[in-house]
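Descriptive analysis of the structure
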Amino acid sequence: MRGQERARRGRALLAGGVLVATVLTGCGSGDGRSAPQAAPSSGPALGTVTTAPDGVQEVTLQTQDDYVFSPATFTVAPGPVRLTVVNVAEQMTHNFRFTPDAGPAPIDPEIPLLTPGESRTIEFTVSTPGEYGFECSFHTQLDQYGVMTVSG
Ligand SMILES: [Cu+2]
């Protein structure tokens, strides 16, 4: 239990400097309750790329009732990526795919349907640096596009 909590906090420390003071202070109280958190209930901020214990880069994007990905851009290093898209919309169904023929290399995994309140994760491996455009194919006319950059 203790170890698990410590590990969780360790990851939080990596996630953002702002959290550090809060987390360290909370350490002494020992009641195990976590303070109310802004934004996503767990994990790092949207669009922040972290590396999981299994070595896979992880990043989470969000969609809403508007027609944007939040954030619409993020950067990963060559290697395996686990991408989660959370649709917090109340009305709007979206999807996620890498725009066909838009990037330096094809990335096939996609999320064909992401209904309101739903969250889905895909995994893929990138090796060629460059910019990989992605989209919600339902809403390309409303400009629901983004770009994943693979660093060199
Ligand atoms: Cu959409």
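Everything discussed here concerns the structure shown above.
A short tour of the structure in this document, coming up. Since this is a predicted model, take the numbers as computed values, not measurements. (Residues numbered from 1 in each chain as written. Predicted model: local features only at pLDDT ≥ 70, side-chain atom pairs only at ≥ 80, totals over all residues. Heavy atoms only, no water.)

**Notes on the pattern of salt bridges**
Any two side chains of opposite charge can pair, given that their charged atoms come close. If you walk through the whole model with that rule in mind, you get five salt bridges. Across the pair Arg-82 and Glu-58 runs a salt bridge, and its minimum N-O distance is 2.7 Å. Of the two residues, Arg-82 sits in strand E5 (residues 79-87) while Glu-58 sits in strand E2 (residues 57-63), which places them 24 residues apart along the sequence. For Arg-82, the salt bridge goes to Glu-123, with nearest N and O atoms at 2.9 Å. Here Arg-82, found in strand E5, pairs with Glu-123, found in strand E8 (residues 119-126); they are 41 residues apart in sequence, far enough to count as distant. Among the residues examined, Glu-123 registers a relative accessible area of 46% and is labelled partly exposed. (Salt bridge = Lys/Arg side-chain N within 4 Å of Asp/Glu carboxyl O. Helix = DSSP H or I, 4+ residues; strand = E, 2+ residues; numbered from the N terminus. Buried < 20%, exposed > 50% of the residue type's maximum accessible area, 1.4 Å probe, protein only.)

**With respect to the coordination of the copper ion**
On the protein side, the copper ion has His-94 (ND1), Cys-136 (SG), His-139 (ND1) and Gln-144 (OE1) as donor atoms, found 1.9 to 2.2 Å from it. Considering all four donor atoms around the copper ion, angles at the metal cover 98 to 133° and the coordination shape is tetrahedral. Sequence positions of the donors to the copper ion reduce to the motif H-x41-C-x2-H-x4-Q. Its relative accessible area of 10% is what places His-139 among the buried residues. (Donors = N, O, S within 2.8 Å, 3.2 Å for Na, K, Ca; no water. Tetrahedral: all angles 85-135°; square planar, octahedral: opposite > 155°, others 65-115°.)

**Considering the side chain of Gln-57**
With respect to the helices and strands, the residue Gln-57 is situated in strand E2. Here the side chain of Gln-57 touches Ala-77 through a polar contact of 2.8 Å, landing on its backbone oxygen. Beyond its immediate stretch of four places on either side in the chain, Gln-57 contacts Val-49, Thr-50, Thr-51, Val-76, Ala-77, Pro-78, Gly-79, Pro-80, Val-81 and Arg-82. (Polar contact = N/O pair within 3.5 Å; in protein donor to acceptor, adjacent residues only side chain to side chain. Contact = heavy atoms within 4.5 Å.)

**Observations concerning the pairing of strand E4 (residues 73-76)**
Here E4 shows a clear split, with Phe-74 and Val-76 buried on one side and none of Thr-73 and Thr-75 buried on the other. Pairing geometry for E4 and strand E10 (residues 145-150), over four bridges, is parallel. Counterpart to Phe-74 in the pairing with E10 is Met-148. (Pairing = 2+ DSSP bridges.)

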